[in-house]
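Overview (structure and organization)
Below, each chain spelled out in residue letters.
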Amino acid sequence: MNILEQIKWIKENKKRYSNSDELLSILEKLHQQESRFTKDELLNLARRIKPIVRVNKDGLVGIDSEAQKFDLFWIEACPIKSHSFVWKVKPLAKVSGLKEIARITSYHTYGGYYGFLRPSTDEAIYQCPENILDRICAFEVFSSNDSIYDIFHAGLDRHVLTTIYYEGQLPADIADQDVSW
């Protein structure tokens, strides 16, 4: 079900949801954010805004509070819409010199089964606050909870995370990576 179908469903079934106004507000805002960019605009933004991830010594990506002690890494590029930047990650280089400039609550689809956390680059970019969009070069996702059951919001049919945005300089080899949909 796409976001417009979700909005329609909730409007038609308001009595089923004690928090239908809240759900509609979030989904309508997400639709507005996603609609403000064309595919080409998102691809252009993704050429200068890259995902970074925290990787442990075994090469596993972590997004919870335990992972905050892991180093941040630039990663090999993956398609920005059809793949998740936290799935089958290839770390390329440690991140250095970035400055955090914002944290937001972000919402992410999951591509099939809600038990698999699969945020995509396009979601992080289109949810970025407009006032910092021209300043950021990287982002990561974070969860204060390590239980997928607490991260998943059934009413929104999305995972709820924190996206952290950074400004700084992209390494040349990271900036030169191919960007695809």
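If you're wondering where the values come from, they're calculated on a predicted model, not measured in any experiment. (Residues numbered from 1 in each chain as written. Predicted model: local features only at pLDDT ≥ 70, side-chain atom pairs only at ≥ 80, totals over all residues. Heavy atoms only, no water.)

**Focus on the overall build of the chain**
What the chain contains, in helices and strands, is six helices and eight strands. Computed over the C-alpha atoms, the radius of gyration of the chain is 16 Å, within 12% of the 16 Å expected from 2.2 N^0.38 for a compact globule of 181 residues. Each principal axis of the C-alpha atoms in the chain carries an extent, and together these give about 50 × 35 × 25 Å. Evaluated residue by residue, the chain yields a buried proportion of 46% over its 181 residues. Put simply, of all contacts in the chain between residues at least 6 apart along the chain, 70% involve residues at least 24 apart. Accessible area of the chain: about 9900 Å², with a carbon and sulfur share of 47%. (Helix = DSSP H or I, 4+ residues; strand = E, 2+ residues; numbered from the N terminus. Rg over C-alpha atoms; globule rule 2.2 N^0.38 Å. Buried < 20%, exposed > 50% of the residue type's maximum accessible area, 1.4 Å probe, protein only. Contact = heavy atoms within 4.5 Å. Areas by Shrake-Rupley, 256 points an atom, 1.4 Å probe, with all protein chains shown as cover.)

**What to know about helix 3 (residues 39-46)**
Of all the positions in helix 3, only Leu42, Leu43, Leu45 and Ala46 are classed as buried. For helix 3, the angular spread of the buried residues around the axis is 160 degrees, confining them to a single face. Tucked inside the fold, the buried residues of helix 3 contact strand 1 (50-55) and helix 4 (121-126). (Arc of directions from axis to C-beta.)

**Concerning the packing of aromatic side chains**
We describe a pair of aromatic rings using the distance from one ring centre to the other and the angle between the two ring planes. Tallied over the entire structure, the rule returns seven aromatic pairs. Relative to phenylalanine 139, the ring of phenylalanine 85 has its centre 5.1 Å away and its plane inclined at 85 degrees; by these criteria the two rings are edge-to-face. With phenylalanine 85 in the loop between strand 3 (71-75) and strand 4 (91-94) and phenylalanine 139 in strand 6 (residues 136-142), this pair connects stretches of sequence that are 54 residues apart. We note that phenylalanine 85, like phenylalanine 139, is buried. On the basis of an interplanar angle of 55 degrees and a centroid distance of 5.1 Å, the ring pair of tyrosine 113 and tyrosine 114 is categorised as tilted. One aromatic cluster is present, formed by Trp87, Tyr110, Tyr113, Tyr114, Phe116, Tyr149 and Phe152 through successive ring pairs. Looking at arginine 103, its charged tip hangs above the ring of phenylalanine 142, at a distance of 6.0 Å from the centre. Residue placement shows arginine 118 over the ring face of tryptophan 87; its charged tip is 4.0 Å from the ring centre. (Phe/Tyr/Trp six-rings, centres within 6.5 Å; stacked < 30°, edge-to-face > 60°. Lys NZ or Arg CZ within 6 Å of the ring centre and 35° of its normal.)

**Regarding the pairing of strand 8 (residues 158-167)**
Summarising burial for strand 8: eight of the 10 residues are buried, a large majority. Pairing between strand 5 (residues 99-108) and strand 8: nine bridges, direction antiparallel. Among the inter-strand pairings, arginine 103 is bridged to a residue of strand 8, identified as isoleucine 164. Bridge count for strand 6 against strand 8 is six bridges, and the pairing is antiparallel. What sits directly across from isoleucine 136, in strand 8, is glutamate 167. Sheet analysis places strand 7 (residues 152-153) next to strand 8, joined by two bridges and oriented antiparallel. Its bridge partner lying in strand 8, histidine 153 is registered against arginine 158. (Pairing = 2+ DSSP bridges.)

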